[in-house]
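Fold and geometry: a report
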Amino acid sequence: MKTILRFLFKSFVAFIILSPLWVLSYIWIDVPATPLMGIRKLQSKQKHIIQHHWVPLYKISKELQLAVICSEDQQFIKHEGFDKKAIEKAWSEHKAGKRLRGASTISQQTAKNVFLWPQRSWVRKGFESYFTFLIESFWSKERILEIYLNSIEMGNGIYGAEAAAQYWFNKSAANLNRNEAAAIAAILPNPRKLLANPPSEYTQKRAAWIYVQMRNYGTLVFDKKE
């Protein structure tokens, strides 16, 4: 028992020391792959081709940057990793008998995508909160969005904005227009089943809602205090 406890303690200390260094390294190093990419490849019964091509944020259309913020996390620029109002609303709805819906911010999704596994559990949620705190402490909002847009699943085997733009619209991520950006953002809740092009009725409706949110949001401006 003492040996097991000693091993667990050393593992915990090593994690506490190494995890911040891991997060810090991604300030300068672009994320080469994510755990989800490996999981999807192992789960696939057929040949699974991963399409992933990293591009810097300035080579990703402002329209797509705005579309995913309006779709996934409209308080992204303002919060420090967690949207307390969204969490409280989701919990209130759950207590009222409705299905518990997600209230994850872009920062939380980035923590999950880059460092963790996709299955829901309280253990993973705990690690997600820890890594969210780290990335919000060490990375700028621009870097969080850049890593998010280069790592998120945007189709079956499609990861990141550049691969998605090429796959769905045969163009670079830099050249996506507002309609195309809204269509890609619309499939994020279920990117392996939903189609950005040609869109299903659901995708069209969600893209139209995102389009309105983008118009109401205005210009995307990062806080330069970052």
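Fair warning: this is a prediction, and the values are worked out from it, not measured in the lab.

Rules used in this analysis
- Sequence order as written defines the numbering, with residues in each chain counted from 1.
- Only residues with pLDDT of at least 70 get local features here, since the model is predicted, and only at 80 or more are side-chain atom pairs given and counted; chain-wide, interface and lining totals rely on the full set of residues.
- Think of the side-chain values as coming from all heavy atoms in the structure, minus any hydrogens and water.
- We count a stretch as a helix when DSSP gives it H or I for four or more residues in a row; a strand needs E for two or more, and each element gets its number in order from the N terminus.
- Throughout, exposure labels follow a simple rule: accessible area from a 1.4 Å probe, protein chains only, divided by the maximum for the residue type, with under 20% read as buried, over 50% as exposed, and the rest as partly exposed.
- Whether two residues touch is decided by their heavy atoms; if any such pair falls within 4.5 Å, the residues are in contact.
- Whenever a helix is involved, its axis is fitted only over the stretch in contact; in every case the axis is a line through C-alpha atoms, and angles between N-to-C directions fall within 0 to 180 degrees.
- We call two directions roughly parallel when the angle between them is under 35 degrees, roughly antiparallel when it is over 145, roughly perpendicular when it lies between 65 and 115, and oblique otherwise.
- What makes a crossing left-handed is the near helix being turned counterclockwise from the far one by less than a right angle; a clockwise turn instead makes it right-handed.
- Charged residues are taken to be Asp, Glu, Lys and Arg, nonpolar residues to be Ala, Val, Leu, Ile, Met, Phe, Trp, Tyr, Cys and Pro, and polar residues to be all remaining types, Gly included.

Things to note about the environment of alanine 196
Among the structural elements, alanine 196 can be located in the loop between helix 9 (178–186) and helix 10 (201–217). You can call alanine 196 buried: its relative accessible area is 2%. Considering only alpha carbons, one finds alanine 196 and alanine 183, 13 residues apart in sequence, at a separation of 5.1 Å. Contact partners of alanine 196, with chain neighbours within four places excluded, come to Trp168, Phe169, Ala183, Ile184 and Ile187.

What about the packing of helix 3 (residues 62–72) against helix 9?
Running from amino to carboxyl end, helix 3 crosses helix 9 at an angle of 40°, the nearest separation of the two axes being 8 Å. What the angle tells us is that helix 3 and helix 9 run oblique. Every pair of crossing elements has a handedness; the one defined by helix 3 and helix 9 is right-handed. Residues Glu63, Leu64, Leu66, Ala67, Val68 and Ser71 of helix 3 lie in contact with helix 9, whose contacting residues are Arg178, Ala181, Ala182, Ile184 and Ala185. A per-class count over the contact of helix 3 with helix 9 returns eight nonpolar, one polar and two charged.

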